[in-house]
Amino acid sequence: YEQLPLQQNKKDEIAEMTTTYNALMHRLEDNYLKQQQFVGNASHELKTPLTVIESYAKLLQRRGFQNEQVAYEALTAITKETANMQDMITQMLQLASVNENVEIASSQTNIEPLLQEIAMTMQQAYAREVRIEGNSFMLMTDAAKLKQLLFIFIDNARKYSDQPITVTMTDKQIIIEDTGIGIPEKDLPHLFERFYRVDKARNRKTGGTGLGLAIAKELADLLHLTIQISSAVGVGTTVTISSKDVMIHE
Ligand code: ADP
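Residues numbered from 1 in each chain as written. Predicted model: local features only at pLDDT ≥ 70, side-chain atom pairs only at ≥ 80, totals over all residues. Heavy atoms only, no water.

For the protein chain, an unreviewed UniProt entry supplies the name histidine kinase and the organism Lysinibacillus louembei. Per UniProt, the protein chain has the following entry under Subcellular location (unreviewed entry): "Membrane". (UniProt positions renumbered as here; feature names shortened; annotations may be inferred.)

A. Structural context of the packing of helix α3 (residues 111-126) against helix α4 (residues 143-159). Interhelical geometry of α3 versus α4 gives an angle of 45 degrees and a closest axis separation of 10 Å. Between α3 and α4, the crossing angle belongs to the class labelled oblique. Of the two possible hands of crossing, α3 and α4 adopt the one that is right-handed. Residues I111, L114, L115, E117, I118, T121, M122 and Y126 of α3 touch α4, and the partners they reach there are A143, L146, K147, L150, F151, I154, D155 and R158. (Axes fitted to C-alpha atoms, helices over the stretch in contact; angles between N-to-C directions. Helix = DSSP H or I, 4+ residues; strand = E, 2+ residues; numbered from the N terminus. Parallel < 35°, antiparallel > 145°, perpendicular 65-115°, else oblique. Left-handed = near helix turned anticlockwise from the far one by under 90°. Contact = heavy atoms within 4.5 Å.)

B. Inspection of the sheet that holds strand β6 (residues 225-232) at higher detail. If you walk across this open sheet you meet the five strands as β2-β4-β5-β7-β6, and the pairing is mixed. Either end of the sheet is taken by a strand with one partner, and the two such strands are β2 (130-134) and β6. Strand-to-strand, the axes of this sheet are offset by a mean angle of 15 degrees, without reference to chain direction. With six bridges connecting them, strand β5 (residues 173-178) and strand β7 (residues 236-243) associate as antiparallel partners. Considered in β7, the bridge of I176 is made with V239. On top of the sheet, α4 reaches β2, β4 (165-169), β5, β6 and β7; it is set at about 20 degrees to β5, its chief contact. (Pairing = 2+ DSSP bridges.)

C. Summary view of the pattern of salt bridges. Here the structure, examined in full by the defined rule, presents eight salt bridges. Between E54 and K58 there is a salt bridge; the shortest N-O distance is 3.7 Å. Of this pair, E54 and K58 both sit in helix α1 (residues 4-63), four residues apart, roughly one helical turn. (Salt bridge = Lys/Arg side-chain N within 4 Å of Asp/Glu carboxyl O.)

D. Spatial organisation of α3. In this model, α3 (16 residues) spans 22 Å end to end at C-alpha, consistent with the 22 Å of a helix rising 1.5 Å per residue. Along α3, the positions that sit buried rather than exposed are I111, L114, L115, I118, A119 and M122. Each buried residue of α3 sits inside an arc of 135 degrees when the element is viewed along its axis, so together they form one side. Immediately downstream of α3, the backbone of A127 shows phi near 50 degrees, a positive value. (Expected span 1.5 Å × (residues − 1). Buried < 20%, exposed > 50% of the residue type's maximum accessible area, 1.4 Å probe, protein only. Arc of directions from axis to C-beta.)

E. View of the packing of α4 against helix α6 (residues 212-222). For the pair α4 and α6, the least separation of the axes is 9 Å and the interaxial angle reads 145 degrees. Between α4 and α6 the crossing geometry is left-handed. Taken together, the residues of α6 that come into contact with α4 (itself represented by K145, Q148, L149, I152, F153 and N156) are G212, L213, I215, A216, L219, A220 and L222.

F. Representation of unusual backbone geometry. Non-glycine residue F195 carries a positive phi angle of around 70 degrees. Positive phi, normally seen in glycine, also occurs at H224, with a value near 60 degrees.

G. A look at the packing of aromatic side chains. All told, the structure shown has one aromatic pair when counted by the stated rule. Both rings, one in F38 and one in F195, keep their centres 5.7 Å apart while their planes meet at 25 degrees; by these two values the pair is stacked. Remark: F195 occurs in the loop between β5 and α5 (200-206) and F38 occurs in helix α1; sequence separation between them is 157 residues. If you follow R158 out to its NZ or CZ, it ends over the ring of Y126, 3.5 Å from the centre. The ring of F38 carries the charged tip of R194 above its face, separated from the ring centre by 4.9 Å. (Phe/Tyr/Trp six-rings, centres within 6.5 Å; stacked < 30°, edge-to-face > 60°. Lys NZ or Arg CZ within 6 Å of the ring centre and 35° of its normal.)

H. Quick peek at the environment of K186. Mapped onto the elements of the fold, K186 is located in the loop between β5 and α5. In this structure K186 comes out as exposed when scored by relative accessible area, which is 63%. Placed twelve residues apart in sequence, K186 and V198 show a C-alpha to C-alpha distance of 9.5 Å.

I. Just the confidence of the model for the protein chain, in detail. Model confidence for the protein chain is summarised by a mean pLDDT of 91, while 93% of its residues fall at 70 or above. ipTM for the predicted complex: 0.98, alongside a pTM of 0.83. (pLDDT = per-residue confidence, 0-100.)

As structure tokens, then:
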């Protein structure tokens, strides 16, 4: 009679362990499936440019020696597709390296200089203006990773619009606005999926990979940031980055 409570304890313990074990197995299975899907998608995505390269190389071999125009076209296409493959591989490696085991080097970071560095790159590399507005603030974060994340969103704003980009710093947020093509509502929930692109055919011209936002999501999780995207087709896109941690005003 006296041992009964002890037995109950043991039962509870076993039940708890079983729950933990099941949850762990579930997570492992989930990770495994995701990994498999990634490998499948990755090989498919890499095969596409490779097929294009192969067909242009064959064309070059057949007709390139007699016809300079054909040779020029083939080499241009090969160069473009090669660059696209390189981007994809770089981003795949980035995705693989951003996981929960990655080290975070946090320090008090002033937001404005990070944005200015990106604005300078946009100006120099693409002659695109980035207007920085609002009041800077300090954030305890990994500056390099935050810059990487901000760059992804600002670079998307550049790719999918042709007007100046506005970045506003407020109390607890960084808001990136473009007046570009916008994103249909039905696509919004899928943007952070790996290889997801709204319009593959049209987007192939801009040379994207569909991995940028997947990387941004991983970085945001690491840095305790939340991302909110609102958009209207033909009007533009607004990305709001908020910190879950407390921010200190300059
Ligand atoms: P990509 O390399 O194709 O740009 P991302 O993962 O960065 O890949 O973005 C996924 C898709 O979301 C893009 O292909 C594009 O269709 C859409 N997208 C992202 N940002 C914007 C934006 N600012 N305006 C319009 N569409 C966007």
